[in-house]
There are 2 protein chains.
Amino acid sequence: MKELEARIQADGRVLGEDILKVDSFLNHQIDPQLMQAMGNEFARLFAGQGITKVITVEASGIAPAVMAGLALNVPVVFARKSKSRILSDDAYTADVYSYTKQTSNQIRIDKRFLSATDHVLLIDDFLANGQALLGLKALADAAGATIVGAGIVIEKSFQPGRQAATEAGLSNIQSLARIAAFENGQVVFAAEEK
Amino acid sequence: MKELEARIQADGRVLGEDILKVDSFLNHQIDPQLMQAMGNEFARLFAGQGITKVITVEASGIAPAVMAGLALNVPVVFARKSKSRILSDDAYTADVYSYTKQTSNQIRIDKRFLSATDHVLLIDDFLANGQALLGLKALADAAGATIVGAGIVIEKSFQPGRQAATEAGLSNIQSLARIAAFENGQVVFAAEEK
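Conventions we followed
Residues numbered from 1 in each chain as written. Chains lettered and ligands numbered in written order. Predicted model: local features only at pLDDT ≥ 70, side-chain atom pairs only at ≥ 80, totals over all residues. Heavy atoms only, no water. Helix = DSSP H or I, 4+ residues; strand = E, 2+ residues; numbered from the N terminus. Rg over C-alpha atoms; globule rule 2.2 N^0.38 Å. Buried < 20%, exposed > 50% of the residue type's maximum accessible area, 1.4 Å probe, protein only. Polar contact = N/O pair within 3.5 Å; in protein donor to acceptor, adjacent residues only side chain to side chain. Pairing = 2+ DSSP bridges. Contact = heavy atoms within 4.5 Å. Buried area = accessible area lost by both parts, 1.4 Å probe. Salt bridge = Lys/Arg side-chain N within 4 Å of Asp/Glu carboxyl O. UniProt positions renumbered as here; feature names shortened; annotations may be inferred. Least-squares fit on C-alpha atoms with pLDDT ≥ 70 in both. Core = buried A, V, L, I, M, F, W, Y, C linked by side-chain atoms within 4.5 Å.

*Asks:* Just checking my understanding: could you explain the overall build of chain A for this structure?
*Replies:* In terms of helices and strands, chain A carries five helices and 11 strands. A compact globule built from 194 residues would reach a C-alpha radius of gyration of about 16 Å, and chain A, at 16 Å, matches this within 12%. For chain A, the C-alpha atoms occupy an extent of roughly 50 × 35 × 30 Å along the three principal directions. The buried share among the 194 residues of chain A stands at 55%.

*Asks:* What exactly am I supposed to notice about the side chain of aspartate 110 of chain A here?
*Replies:* Residue and element names in this part refer to chain A. With respect to the helices and strands, the residue aspartate 110 is situated in strand E7 (residues 103–110). Take aspartate 110: its relative accessible area is 18%, and that puts it in the buried class. A polar contact of 2.8 Å, which involves the side chain of aspartate 110, links it to the backbone nitrogen of arginine 112.

*Asks:* Is there a simple way to explain the pairing of strand E10 (residues 173–183) of chain A in this structure?
*Replies:* A regular strand carries its side chains on alternate faces of the sheet. Residue and element names in this part refer to chain A. Inspection of the sheet shows strand E9 (residues 146–156) paired to E10 by six bridges, in the parallel sense. Along E10, the bridge assignment pairs lysine 156 with isoleucine 179. Summarising the sheet, E10 and strand E11 (residues 186–189) pair through four bridges and their orientation is antiparallel. Directly across from glutamate 183, in E11, lies its bridge partner glutamine 186. In this structure, the hairpin formed by E10 and E11 is closed by a connection of two residues, where asparagine 184 is found at a positive phi of approximately 55°.

*Asks:* I tried to follow unusual backbone geometry on my own but got confused; where do I start?
*Replies:* Residue and element names in this part refer to chain A. Residues glutamate 58 and alanine 59 are joined by a peptide bond in cis, for which omega reads -5°. Looking at the secondary structure, you find alanine 59 in the loop between strand E4 (53–57) and helix H3 (62–72). Positive phi, normally seen in glycine, also occurs at asparagine 73, with a value near 60°. By the secondary structure assignment, asparagine 73 is in the loop between H3 and strand E5 (76–82).

*Asks:* Hey, could you run me through the interface of chain B and chain A in this one?
*Replies:* Bring the parts together and some accessible area is lost; that lost area is often taken as the interface size. On the side of chain A, 33 residues touch chain B, which itself brings 33 residues to the contact. Overall, the association of chain B and chain A removes approximately 2800 Å² of surface from exposure, summing both partners, and the carbon and sulfur fraction of that is 60%. Among the residues chain B hides against chain A, the three largest losses belong to His28, Gln29 and Leu70 of chain B. Together they make up 23% of the total. In this structure, aspartate 23 of chain B and arginine 112 of chain A form a salt bridge, with 2.7 Å as the shortest nitrogen-oxygen distance. Linking chain B to chain A there are 18 residue pairs in polar contact (both at pLDDT 80 or more). When contributions to the side of chain B that touches chain A are tallied by element, the ones reaching two or more residues are strand E3 (29–30), helix H2 (32–45), helix H3 (62–72), strand E5 (76–82) and strand E7 (103–110) of chain B. No other element matches the six residues that H3 of chain B contributes to the side of chain B that touches chain A.

*Asks:* Got a minute to help me understand the environment of asparagine 129 of chain A in this structure?
*Replies:* Residue and element names in this part refer to chain A. Considering the arrangement of structural elements, one finds asparagine 129 in the loop between strand E8 (119–127) and helix H4 (131–143). Remark: the alpha-carbon pair of asparagine 129 and glycine 48, spanning 81 residues in sequence, is separated by 29 Å. Apart from residues no more than four positions distant in its own chain, asparagine 129 is found in contact with Tyr99, Gln159, Pro160, Gly161 and Ala164.

*Asks:* What is the right way to read the UniProt feature "binding site: xanthine" (unreviewed entry) in chain A from this model?
*Replies:* Summarizing the sequence annotation, UniProt attributes the feature "binding site: xanthine" (unreviewed entry) to Leu20, Asn27 and Lys156 of chain A in the numbering used throughout. Not counting residues up to four positions away in its chain, the partners in contact with leucine 20 of chain A are Ile8, Gly12, Arg13, Val14, Phe126, Ile154, Ile179, Phe182 and Val187 of chain A. Position of asparagine 27 of chain A among the secondary structure elements: in the loop between strand E2 (19–21) and strand E3 (29–30). Setting aside anything within four residues of it in sequence, one finds asparagine 27 of chain A in contact with Val22, Ser60, Asp125 and Phe126 of chain A together with Phe78 and Arg80 of chain B. For asparagine 27 of chain A, the side chain forms a polar contact with the main-chain nitrogen of aspartate 23 of chain A, separated by 3.5 Å.

*Asks:* Sorry, what's going on with the relation of the copies chain B and chain A here?
*Replies:* Superposition of the two copies of the chain requires a rotation about an axis and a shift along the axis. Overlay of chain B on chain A (RMSD 0.0 Å): rotation 180°, translation along the axis 0.0 Å. The symmetry that links the two subunits is that of a two-fold axis. Taking the C-alpha atom as reference, chain B places alanine 59 of chain B closest to the rotation axis, 2.7 Å from it. Of the interface residues in chain B, 100% have counterparts in chain A that sit at the interface too, so the contact is made through matching surfaces.

*Asks:* Please clarify how the pairing of strand E6 (residues 91–98) of chain A should be interpreted in this entry.
*Replies:* Residue and element names in this part refer to chain A. Sheet analysis places E6 next to E7, joined by eight bridges and oriented antiparallel. Bridge assignment links aspartate 95 to a residue of E7, and that residue is glutamine 106. In textbook terms, the turn of a hairpin is the stretch between consecutive antiparallel strands, and for E6 and E7 this stretch comprises four residues, one of which, glutamine 102, has a positive phi near 55°.

*Asks:* What's the story with H3 of chain A in this structure? I'm lost.
*Replies:* The element H3 of chain A is extensively covered by neighbouring structure, given that 10 of its 11 residues are classed as buried. Looking only at H3 of chain A, the buried set comprises Ile62, Ala63, Pro64, Ala65, Val66, Met67, Ala68, Gly69, Leu70 and Leu72 of chain A.

*Asks:* Explain the nonpolar core to me, please; I cannot follow it from the model alone.
*Replies:* Soluble, globular proteins show a tendency: their nonpolar side chains are buried together. Counting 81 residues, the largest nonpolar core has Leu4 and Ile154 of chain A together with Leu4 and Ile154 of chain B as its most contacted members. In terms of residue count, H3 of chain A provides more of this core than any other element does, eight residues in total. Not counting chain neighbours up to four residues away, the residues in contact with leucine 4 of chain A comprise Phe25, Leu34, Met38, Val153, Ile154, Leu176 and Ala177 of chain A.

Next comes the structure, spelled out in C-alpha cells:
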C-alpha cells in the first residue's frame, strides 16, 4: 500500500538492527484517516470471503481492526492481554511470548464472541516473530471458527513470523507494507508480489 | 444519543449494584458502525472549537477516540498504561486508580505527541469515579495544552466522576448516554438536558 509505505519512509524511525518505531501514526499517536484507508484496503483484499468477524489483540491492533470491521460491516473483537494465567470456562485463552518485551502474556476472548460458525479475519499491526498472530489463530481454532486469513499492517519479512504462521497452517496472509531490510537506518521494502 | 441508549437497553448487562457490562458492543466486542456514529456525534458536540488532537487511554477508549478523530480530522493519541512507575524525561505521566480493579496504573504519553499549542478533546468509554479522566487531564496540563472538553460514551451520573472532574476544573463534559440509576437490574437513563 503506497500511502502506508510513504508514511513509514517519512515518519518511521529505525532503531538498532530490527526495530521500526511508528508511534507517530500507528501505535501511540494514530492517524485516523490513514487507519480508515488501511481498513478499506483490508476489506478490498478480503472481499467476498464471507467474513463474519474481525479479531485482534489490544491495544495497537484495535484501530486498524475497527476500520477493517467498519469497511467489512462486521463486529470486531479485541483479545485482552493479562499477565496472570487465569483459566476460565468463559473464555478462550492462548499464551503469547513477546520477543521485544521478553515476557509472556495470556490473551483471551470471551466465548460469547467467537463461535464455530464464525469466519474470522485476524488483524494485527506487526508481523515479526509471529507470536501474536499464532495466539489469535489458537483462539479461533479453540472456538472451531474458520480462519479466512490474516491482515497485517507492517510485516518485517526478514523475521520468521510469516514462515511460522504458514507452517502452523495459516494461509492468505496479506501485509499492507513488507519490509525486506533496514539498511543504514533506512527502510527497504520488499518488491510487491503483483 | 438515542441509538446508544437503545443498544445499552438491548445488550447491556447490569451486574450487582453498579456494574454495567457492555462488552458485546463497546469494550471487548466492538460494533464499528455504532463507534462511527458516536465519533460523528462527538464531532458535532465539539464542532468549531479548534480541536487539534484527541487523547484517550488504552484499550477501551481507542475505538471511540479514533472515530472522533476521524470525524474531526485530527490525530488521536492513546495513553499507555503501565503497572510500573517509570519516570522518564520523554513522557508525561499520571497515576490512575481503578476502583473496579483496585489497582493503580501509570498512564503515559510521549512528549512528542502533546504540546502547549494543542487544543485537546479527552475521550473515554466510561465516566464513573473520574480517575481516568483526571489522569488524562493531568497529562494535558503537564504539556500545557488547552483542554476543550471531554467526550464520554457512558456516564454513570450516580457516581462522583462528573463532580470530581468539574471540581478539578474540567468543563464541557459531554456524555452520549447518562445513567441515573440501576433499578431491578434495569438501566434508568437521566433525562436529557435539552
